[in-house]
Amino acid sequence: ELEDMAQKLRIHSIEATNASKSGHPTSCSSIAEIMSVLFYREMRYTLSKPLHECSDRFVLSKGHAAPILYAAWAEAGLFPTTQLLNLRKIDSDLEGHPTPRLNFIDVGTGSLGQGLSVGCGMAFVGKYFDKASYRVYVLVGDGESAEGSIWEALNFASYYSLDNLVVIFDVNRLGQSEATSLGHDMDKYRKRLDAFGFNALVVDGHSVDELIKAFDNAKATKGRPTAIIAKTYKGKYFVGIEDQENWHGKPLGDKSPEVLKHLRSLIKNGDIKFTPSTMTMDAELVDIKNIKLSTPPSYKKTDSVATRLAYGTALTKLASKNGRVIALDGDTKNSTYSEKIKTVNKAQYIECFIAEQNLVGVAMGTTCRNRTVAFVSTFATFFTRTFDQIRMGAISQSNVNFVGSHCGVSIGEDGPSQMGLEDLALFRSIPGSTVFYPSDAVSCERAVEFAANTKGICYVRTSRPNTAILYENNHEFKIGKSEIVRSSDSDVALVIGAGVTLHEALKAADTLSKSGISIRILDPITIKPIDANGIITNAKNCHNRIVVVEDHYEEGGIGEAVAGAVAHLGTIKVIRLAVKEVPRSGPPTALLDKYGISSPHIVEAVKSII
């Protein structure tokens, strides 16, 4: 019967892609037996709540095979199989690649090489937090196994002994435009996975019996994850198409009648019904709503504290209130201060080592099904190599909090490779994101608290230098609401800064006041959403003049956010001070001055605008 169901899944994949005149039926065909065994024999789940906290997890990393995933759920009884013909239609959630618009999808996939990291995060939570029976299955294409992120994830899974994780490699030999680098060299795959510490099993991916034995072996294996390396053929059982090049991403079109006739002839029992296996109800419900700091900020006005340190302090306060608050880092924990969470509970920290793409993917996996509140930290600049993962996080409707330290030229002598100068542009471009840029320790602690309770992708930009305390410990902040830190009735310009440049603006105000010039200084608090109303109101009270100063490249930063907020008026003049070239090593104060964002440059800009 499982063989028959595999053929039915192939038929659905052909019919759906024909209906949409696009899609990947041959990529579906190579995994038909794998999907049949997984969904109708191996996995435990319930149709009443597909993303139940106790059910097994499945991630289709090769997301272009979405039609067969949809078919598997339809044949299980989740929705009528007739809906499969709506594939890729603009009013259908059965999209070209899976997204969580569907109630049975945890994360969006299709940007290849990312699904395994997410599965690792799920498995880590299952083993070490939920301590539950559910298992995690990730289906990876052989083409995407060339991605470095796959091997980062394999290393993570082995290091943490994720024996509740099964990775299935669909080794169908063919990529999009030519054969994959390893083709059908199954022994080489096995040796590599064995070297990574996996229970590596080579099977005929079209043999139901061999697949069943392999999954049973995986369940019996303790202390290490399992990799099932399935030798398959692209377009299996497609007459004249099987194992042939130039059929990637193409519906069968006029080849369909012959192929469908052949597939139907292989089915011995057309009336197949399966009932999903019963789950073990041992993953408890968790509450991750309304998490507050255990104690409010408690700084003295005379203190000078780096916001990166304040992040670590806030993290411990949240973690002590809720055991599902976790921190993940890429071996920078003693610089980002994420390590402070270990003083509360070492188990609430996950070391991901220097593998940032996997770091982000694991974090996404840990937050699936609302199991944790995850904070991911590293140097701000290193998030640039994870942009695709972060972008997919937004597509996946993930709630992940990112904290980037060591931003801008103010980090000093370490030089441009370590300076986060593109991070605001990156995170501002993410749909639905919230971007915090705290300028003192008090606002930083509150930003971290806000992030823990805000849906979507959140980013908190922290700084390396120690800075003065600006706000009272009991000050109330709001997302999207700026703060005025200095003002008078005679202000001639509005100066907007954040982080170190806000403090440079305060120095500039002191200098200008000696010449009888008063300026208003605005702290945006969040760069996204930007407080357009607050900026416009204060600019109008300052003769429609704005100077923006930021420790970031000119493109995509605070200046662009402010300019975008006021451009429609056509009456407000904006001068933007930012880093406009690749910087070099040097003392922080010298670098601020060299690249035009120090207090003397702010003074000059104000004088020029008035």
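Residues numbered from 1 in each chain as written. Predicted model: local features only at pLDDT ≥ 70, side-chain atom pairs only at ≥ 80, totals over all residues. Heavy atoms only, no water.

## A short note on the layout of surface pockets
Alright, step 1. Each pocket or cavity is described by its volume, and for the largest pocket that value is around 770 Å³.
Alright, step 2. Lining the largest pocket we find 31 residues, and of these Thr-367, Arg-369, Asn-370, Asn-399 and Lys-455 sit closest to its centre.
Alright, step 3. Secondary structure elements with two or more residues in the lining of the largest pocket: helix 12 (356-367) and helix 15 (441-452).
Alright, step 4. Residues that form the lining of the largest pocket fall into these classes: 13 nonpolar, 11 polar and seven charged.
Alright, step 5. In this structure, the lining of the largest pocket is formed jointly by two domains, domain 1 (1-266) and domain 2 (304-468), each of which donates at least three residues.
Alright, step 6. Counted as a void, the second largest pocket has a volume near 230 Å³. (1 Å grid on protein atoms, 1.4 Å probe; cavity = no way out; pocket = protein on both sides within 12 Å on 5 of 7 lines; lining within 4 Å. Points joined across faces, edges and corners; volume = space filled by probe spheres on them. Helix = DSSP H or I, 4+ residues; strand = E, 2+ residues; numbered from the N terminus. Nonpolar A, V, L, I, M, F, W, Y, C, P; charged D, E, K, R; others polar. Domains from an automatic or database assignment.)

## Some words on the pattern of salt bridges
Side chains carrying opposite charge are able to pair once their charged atoms draw close together.
Alright, step 1. Here the structure, examined in full by the defined rule, presents 33 salt bridges.
Alright, step 2. A salt bridge links Asp-216 to Lys-219; the nearest nitrogen and oxygen atoms lie 3.5 Å apart. Here Lys-219 and Asp-216 lie together in helix 8 (residues 208-220), a separation of three residues that amounts to about one turn.
Alright, step 3. Overall, the relative accessible area of 34% leaves Lys-219 in the partly exposed class. (Salt bridge = Lys/Arg side-chain N within 4 Å of Asp/Glu carboxyl O. Buried < 20%, exposed > 50% of the residue type's maximum accessible area, 1.4 Å probe, protein only.)

## Remarks on the UniProt feature "domain: Transketolase-like pyrimidine-binding" (unreviewed entry) in the protein chain
Alright, step 1. Residues annotated by UniProt as "domain: Transketolase-like pyrimidine-binding" (unreviewed entry) correspond here to residues 305-469.
Alright, step 2. Counting secondary structure, residues 305-469 comes out at 35% helix and 19% strand; the distance between its end C-alpha atoms is 7 Å. (UniProt positions renumbered as here; feature names shortened; annotations may be inferred.)

## Side note on a negative patch on the surface
Alright, step 1. Together, Glu-3, Asp-204, Asp-209 and Glu-210 give the surface a local cluster of negative charge.
Alright, step 2. Tracing the sequence through the fold places Glu-3 in helix 1 (residues 2-20).
Alright, step 3. You can call Glu-3 partly exposed: its relative accessible area is 40%. (Patch = residues over 30% accessible without salt bridge, like charges linked within 9 Å, V, L, I, M, F, W, Y side chains within 5 Å. Areas by Shrake-Rupley, 256 points an atom, 1.4 Å probe, with all protein chains shown as cover. Lys, Arg positive; Asp, Glu negative; His and termini not counted. Charge placed at Lys NZ, Arg CZ, Asp CG, Glu CD.)

## Some details on the environment of Arg-486
Alright, step 1. Along the chain, Arg-486 turns up in strand 14 (residues 483-486).
Alright, step 2. With a relative accessible area of 31%, Arg-486 lands in the partly exposed category.
Alright, step 3. Setting aside residues up to four positions removed in sequence, Arg-486 forms contacts with Leu-506, Ala-509, Asp-510, Ile-519, Arg-520 and Ile-521. (Contact = heavy atoms within 4.5 Å.)

## Overview of the sheet that holds strand 12 (residues 458-461)
Alright, step 1. Read from one edge to the other, the open sheet built from seven strands follows the order 8-7-9-10-12-11-17, with strand pairing classed as mixed. Because the sheet does not close on itself, it has two edges, and the strands there are strand 8 (349-351) and strand 17 (526-528). On average, adjacent strands in this sheet sit at an angle of 20 degrees to one another, irrespective of strand direction.
Alright, step 2. Where strand 7 (residues 325-329) lies against strand 9 (residues 373-379), five bridges are found, and the strand directions are parallel. Within the sheet, the bridge partner assigned to Asp-329 lies in strand 9 and is Ser-377.
Alright, step 3. Against the sheet, helix 15 touches strand 9, strand 10 (400-405), strand 11 (434-436) and strand 12, its axis set at about 130 degrees to strand 9. (Pairing = 2+ DSSP bridges. Axes fitted to C-alpha atoms, helices over the stretch in contact; angles between N-to-C directions.)

## With respect to unusual backbone geometry
Alright, step 1. Of the consecutive residues Lys-528 and Pro-529, the connecting peptide bond is found in the cis state with omega at 0 degrees.
Alright, step 2. Inspection of the secondary structure puts Pro-529 in the loop between strand 17 and helix 17 (532-540).
Alright, step 3. Positioned with a positive phi, Asn-246 is a non-glycine residue whose angle comes to about 70 degrees.
Alright, step 4. Counting through the fold element by element, Asn-246 comes out in the loop between strand 5 (226-231) and helix 9 (256-266).
Alright, step 5. Of the residues examined, Asn-246 reaches a relative accessible area of 55% and is grouped as exposed.
Alright, step 6. In this structure, Arg-369 is a non-glycine residue whose phi angle is positive, near 60 degrees.
Alright, step 7. On the secondary structure map, Arg-369 appears in the loop between helix 12 and strand 9.

## Here's the deal with the pairing of strand 1 (residues 57-60)
Alright, step 1. Of the two faces of strand 1, both are covered, the one formed by Arg-57 and Val-59 as well as the one formed by Phe-58 and Leu-60.
Alright, step 2. Across four bridges, the pairing between strand 1 and strand 2 (residues 136-141) is parallel. Residue pairing for strand 2: Val-59 is matched across the bridge by Val-138.

## A short note on helix 3 (residues 32-42)
Alright, step 1. The buried fraction of helix 3 amounts to 10 of the 11 residues, a majority that puts the element mostly inside the structure.
Alright, step 2. Among the residues of helix 3, those classed as buried are Ala-32, Glu-33, Ile-34, Met-35, Ser-36, Val-37, Leu-38, Phe-39, Tyr-40 and Glu-42.

## A look at empty space enclosed by the protein
To find leftover empty space, a probe the size of one water molecule is rolled over the atoms.
Alright, step 1. Applying the stated criterion across every chain, the model contains five cavities of 30 Å³ or more.
Alright, step 2. As a volume, the largest cavity reaches approximately 150 Å³.
Alright, step 3. Around the largest cavity, the lining comprises 19 residues; the ones closest to its centre are Phe-58, Val-59, Phe-104, Ile-105 and Asp-106.
Alright, step 4. Its residues assigned to classes, the lining of the largest cavity shows 14 nonpolar, two polar and three charged.
Alright, step 5. As a volume, the second largest cavity reaches approximately 60 Å³.
Alright, step 6. If you go around the second largest cavity, the residues you meet are Leu-174, Gly-175, Gln-176, Ser-177, Glu-178, Lys-234, Gln-244, Glu-245, Asn-246, Trp-247 and His-248.
Alright, step 7. Tallied by class, residues from the lining of the second largest cavity come to two nonpolar, six polar and three charged.

## A word on the domain arrangement of the protein chain
Alright, step 1. Once the domains are mapped, the protein chain shows domain 1 (1-266), domain 2 (304-468) and domain 3 (483-609).
Alright, step 2. Spacing between the C-alpha centres of domain 1 and domain 2 amounts to 32 Å.
Alright, step 3. In this assembly, 31 residues from domain 1 lie in contact with 29 residues from domain 2.
Alright, step 4. Of the roughly 2300 Å² buried between domain 1 and domain 2 on both sides combined, carbon and sulfur atoms contribute 58%.
Alright, step 5. At the boundary of domain 1 and domain 2, one finds three salt bridges.
Alright, step 6. Residue Asp-130 pairs with Arg-324 through a salt bridge whose shortest N-O separation is 2.8 Å.
Alright, step 7. Run the count over domain 1 and domain 2 and you get 11 residue pairs in polar contact (both at pLDDT 80 or more).
Alright, step 8. For the side of domain 1 that touches domain 2, the secondary structure elements donating two or more residues are helix 5 (115-129) and helix 6 (148-159).
Alright, step 9. Ranked by residues supplied to the side of domain 1 that touches domain 2, first place goes to helix 5 with eight residues. (Buried area = accessible area lost by both parts, 1.4 Å probe. Polar contact = N/O pair within 3.5 Å; in protein donor to acceptor, adjacent residues only side chain to side chain.)

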